[in-house]
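One-letter residues, chain by chain:
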Amino acid sequence: MAHISVKKYQQTTVSAAKEANPYQLVAMLFQKLLGNIASAKGAIQQKDHAKKGDLLSKAITIIGVLQGSLDFENGGDISQNLSDLYIFCSDKLVEANTNNDEALLDEIIQILLPIKAGWDSIPKDEQDKVSFESV
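Residues numbered from 1 in each chain as written. Predicted model: local features only at pLDDT ≥ 70, side-chain atom pairs only at ≥ 80, totals over all residues. Heavy atoms only, no water.

Draft legend 1. Structural detail: helix α3 (residues 49-68). Helix length check: α3, at 20 residues, gives a terminal C-alpha distance of 28 Å against a target of 28 Å (1.5 Å per residue), a fit within 8%. For α3, the complete set of buried residues consists of Lys 52, Leu 55, Leu 56, Ala 59, Ile 62, Ile 63 and Leu 66. Buried residues of α3, viewed axially, fall in a sector of 115 degrees; they line one side. (Helix = DSSP H or I, 4+ residues; strand = E, 2+ residues; numbered from the N terminus. Expected span 1.5 Å × (residues − 1). Buried < 20%, exposed > 50% of the residue type's maximum accessible area, 1.4 Å probe, protein only. Arc of directions from axis to C-beta.)

Draft legend 2. Looking closely at the nonpolar core. Counting 29 residues, the largest nonpolar core has Leu 33, Ile 37, Leu 66, Leu 93, Leu 105, Ile 108 and Leu 112 as the members making the most contacts within it. For this core, the elements supplying multiple residues, two or more each, are α2 (22-45), α3, α4 (72-99) and α5 (102-120). Tallying contributions element by element places α2 first for this core, with 10 residues. With residues up to four places along the chain from it excluded, the contact list for Leu 93 reads Ile 37, Leu 56, Ala 59, Ile 60, Ile 63, Leu 105 and Ile 108. (Core = buried A, V, L, I, M, F, W, Y, C linked by side-chain atoms within 4.5 Å. Contact = heavy atoms within 4.5 Å.)

Draft legend 3. Broad picture of the packing of aromatic side chains. Applying the stated criterion across every chain, the model contains one aromatic pair. Between Tyr 23 and Trp 119 the ring centres are 5.3 Å apart and the planes differ by 15 degrees, which places this aromatic pair in the stacked class. Separated by 96 residues along the polypeptide, Tyr 23 in helix α2 and Trp 119 in helix α5 bring together distant segments of the chain. Trp 119 shares its class with Tyr 23; the two are buried. (Phe/Tyr/Trp six-rings, centres within 6.5 Å; stacked < 30°, edge-to-face > 60°.)

Here's what the structure looks like:
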């Protein structure tokens, strides 16, 4: 029964992503990124190193997608600063993975939360102006 529920959830998530606008796609990526990092922290606590590695690998991939979608031409310093933060977070995720460092994962979450909050605070009438081009 649980397998059916997981499969239904995955289908719903894929369907929602297909129907999402660019603003919503980025919001979904941030949510998944933070969820993967939090789940990896739990995997460290449970000593499930394979799961931790998989979750952090996915988190690094999501950061790469977010970084690849930055518009350096129109975003100027903001895009460059975000890119630098994304590189820093990716490097620290690798370090946290290698060292099973829960505290470092917490630090990364604390870096990403304000970025997500900023994204979430984009006014509704500006959300349609968002474009998303992944690498």
